[in-house]
Amino acid sequence: MSSSDRWQYPAALLDTTMDQLRTLLAVHETGTALGAARLLGREQSSVQKQLDTMNRNFGTLCGEPLVLKRGRSRHVLFTATGESLAELARGTLDGWQDELRDCRRRLGGRLAVGSTRYTLGFLLNAVEVVTADFESRGVELKVEHVRTRDLLHRLGSKELDLVCGSVLATGSGNRGLEDFEVMQWRRSGLSLVTNLGAGELPDPAVAVSALPGVPLAVSADGLIPGFLRGWFGGRYRQELHIAAEIDTVSYGLELLSSGVLRGGVLVTQGIGDAVADGRLRTGAGLRTLRLADDIAPELEVLVGVFVRAGERAAQDDHHPLNVLWNALAGENARWRRVIGDQRPRSPRDR
């Protein structure tokens, strides 16, 4: 294509607005103009007018309309052309949205952060420190709950700019985390919270190799299954006695407290400490045993703050990402002083 031809686009294409593309996607999702109107909070006549315009314009451009009507109360039928252009519209709108967010992020106008349940308090303490500064500069700060299993994925995909939580680490280094900068709060193993008596599981520890003899409540994904796969392989469910499937640690603790399950729940050491100290209501009456790792490889829980590698260095100290990072570093130092050693106990995660 010559340089002059590059600028010669069909008028019908140039007249297409992003609002029309959004309408096309709404019709694609709901199946009708009425459904799209309800989804967008608009009049059905407005949606139908836009749909008719696109149908006419792209029908002329492509030789086939985007949608075919199939009678009252029936969903419209998207043609092959309609399906293709709906997918293109989705990519166009998502691409613009992502780029706008990137621009705001780069210029310091927006910061999206995430936290798992047991690190939220630690994050909020730091947020309180930066709130006045952010408000005076018009920085939009968005805080979201993030599950442990999604933590690094949502950070790597740029949905979030900073996350607080736990990841599975191998050995004493941070292997597997090369794409991220890490502020380490704590490294530890796991604990076993149980309602079994000392005659069945003596204090103070239980060996990893003994876990097949303990009925366990285990989640389908996340941090704990990562440990179990590392210790027992991909067939860990066949190796262990999985007595219950759980979605959250709290649910597992409630199963133990109620006596519905006689066995144990694997948790991070921080949560185990909280149960032992009586700081978790759902753990009342339960015992915490240290888990002695007698099976290779060496696995640990790394609790801390994570950002994408290189992003902090690319910004000055006044950028919101660095301001919040420094506030979290201050909070980390404060907790180290409070407990009097080098193992901060406040940030806890499942």
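Owing to the predicted nature of the structure, the values given are computational and were not obtained by experimental measurement. (Residues numbered from 1 in each chain as written. Predicted model: local features only at pLDDT ≥ 70, side-chain atom pairs only at ≥ 80, totals over all residues. Heavy atoms only, no water.)

Undergrad: Quick rundown of the overall build of the protein? Include the residues and the values.
TA: Scanning the protein from terminus to terminus reveals 12 helices and 13 strands. Here the C-alpha coordinates of the protein stretch approximately 80 × 50 × 40 Å along the principal axes. In the protein, the share of contacts with a sequence separation of at least 24, taken over all contacts with a separation of at least 6, comes to 74%. Summing over all exposed atoms, the protein offers an accessible surface of approximately 17,800 Å²; the carbon and sulfur share of this is 51%. Counting 43 positive and 43 negative side-chain charges, the protein places the centres of these two groups 4 Å from one another. (Helix = DSSP H or I, 4+ residues; strand = E, 2+ residues; numbered from the N terminus. Contact = heavy atoms within 4.5 Å. Areas by Shrake-Rupley, 256 points an atom, 1.4 Å probe, with all protein chains shown as cover. Lys, Arg positive; Asp, Glu negative; His and termini not counted. Charge placed at Lys NZ, Arg CZ, Asp CG, Glu CD.)

Undergrad: Which residues make up helix α3 (residues 33-40), and what values go with them?
TA: Every buried residue of α3 is accounted for by Ala33, Gly35, Ala36, Ala37 and Leu40. In the core, the buried residues of α3 are packed alongside α2 (18-30) and α4 (44-62). A positive backbone phi angle near 70° is found at glycine 41, which sits one or two residues after α3. (Buried < 20%, exposed > 50% of the residue type's maximum accessible area, 1.4 Å probe, protein only.)

Undergrad: Could you give an account of the nonpolar core, naming the residues involved and the relevant values?
TA: Across soluble globular proteins, nonpolar side chains have a tendency to be buried as a group. Leu162, Leu228, Trp231, Leu324 and Leu328 are the most contacted members of the largest nonpolar core, which has 45 residues in total. Each residue touching tryptophan 231, except ones within four places of it in the same chain, is listed here: Leu190, Val208, Leu211, Leu291, Asp293, Ile295, Pro297 and Leu299. Membership of the second largest hydrophobic core comes to 20 residues, among which are Ala26, Val47, Phe58 and Ala86. (Core = buried A, V, L, I, M, F, W, Y, C linked by side-chain atoms within 4.5 Å.)

Undergrad: An account of the confidence of the model for the protein is requested, with residue identities and associated values reported.
TA: When pLDDT is averaged across the protein, the result is 88; 93% of the residues are at 70 or more. Within the protein, strand β7 (residues 190-194) carries the highest mean pLDDT (95), whereas helix α5 (residues 80-106) carries the lowest (87). The low-confidence segment residues 342-350 (pLDDT under 50) makes 47 contacts with residues lying over four places distant or belonging to another chain. (pLDDT = per-residue confidence, 0-100.)

Undergrad: I'd like to hear about unusual backbone geometry, residue by residue, with values.
TA: That bond from aspartate 203 to proline 204 is cis: its omega, 0°, falls within 30 degrees of zero. Here proline 204 lies in the loop between β7 and β8 (205-207). At lysine 158, a position not held by glycine, the phi torsion is positive, near 70°. In this structure, lysine 158 sits in the loop between α7 (151-156) and β5 (162-170).

Undergrad: An account of the packing of α2 against α3 is requested, with residue identities and associated values reported.
TA: What describes two packed helices is the angle between their axes and the distance between those same axes. The interhelical angle for the contact between α2 and α3, taken along N-to-C directions, is 115°, at an axis separation of 8 Å. Note on packing geometry: the crossing formed by α2 with α3 is right-handed. In this structure, α2 contributes Arg22, Thr23, Ala26, Val27, Glu29 and Thr30 to the contact, and α3 contributes Gly35, Ala36, Leu39 and Leu40. Its residues assigned to classes, the contact of α2 with α3 comprises five nonpolar, three polar and two charged. (Axes fitted to C-alpha atoms, helices over the stretch in contact; angles between N-to-C directions. Left-handed = near helix turned anticlockwise from the far one by under 90°. Nonpolar A, V, L, I, M, F, W, Y, C, P; charged D, E, K, R; others polar.)

Undergrad: With reference to specific residues and values, describe the sheet that holds strand β11 (residues 264-268).
TA: Pairing is mixed in the open sheet, where six strands are placed in the order β8-β12-β7-β11-β9-β10. In this open sheet, the two strands that pair with only one neighbour each are β8 and β10 (242-246). Taking each pair of neighbouring strands and ignoring which way they run, the sheet shows an average axis angle of 40°. (Pairing = 2+ DSSP bridges.)

Undergrad: I'd love a proper account of the pairing of strand β13 (residues 299-308), names of residues and values included.
TA: Of all 10 residues in β13, 10 are buried; the element is thus mostly enclosed. Sheet analysis places β5 next to β13, joined by eight bridges and oriented antiparallel. Paired with valine 163 across the two strands is phenylalanine 306, which belongs to β13. Pairing analysis gives eight bridges linking strand β6 (residues 180-188) to β13, with the strands arranged antiparallel. Bridge assignment links arginine 186 to a residue of β13, and that residue is valine 303.

Undergrad: Break down the environment of glutamine 238 for me, citing the residues and quoting the values.
TA: One can find glutamine 238 in helix α9 (residues 236-239). Given the relative accessible area of 51%, glutamine 238 is considered exposed. Residues glutamine 238 and proline 212, 26 residues apart in the sequence, show an inter-C-alpha distance of 9.4 Å.

Undergrad: Account for a nonpolar patch on the surface, naming residues and giving values.
TA: On the surface, a cluster of nonpolar side chains totalling about 550 Å² of accessible area is made up of Trp7, Tyr9, Leu13, Leu14 and Leu61. Turning to its location among the elements, tyrosine 9 is positioned in the segment before α1 (11-14). (Patch = residues over 30% accessible without salt bridge, like charges linked within 9 Å, V, L, I, M, F, W, Y side chains within 5 Å. Salt bridge = Lys/Arg side-chain N within 4 Å of Asp/Glu carboxyl O.)

Undergrad: Account for the packing of α2 against α5, naming residues and giving values.
TA: Interhelical geometry of α2 versus α5 gives an angle of 125° and a closest axis separation of 9 Å. In terms of orientation, α2 and α5 fall into the oblique class. Once α2 is placed against α5, the crossing between them reads as left-handed. Only Glu83, Leu85, Ala86, Ala89, Arg90, Thr92, Leu93 and Trp96 of α5 make contact with α2, whose side of the interface consists of Met18, Leu21, Arg22, Leu24, Leu25 and His28. Of the residues that constitute the contact of α2 with α5, the class distribution is nine nonpolar, two polar and three charged. (Parallel < 35°, antiparallel > 145°, perpendicular 65-115°, else oblique.)

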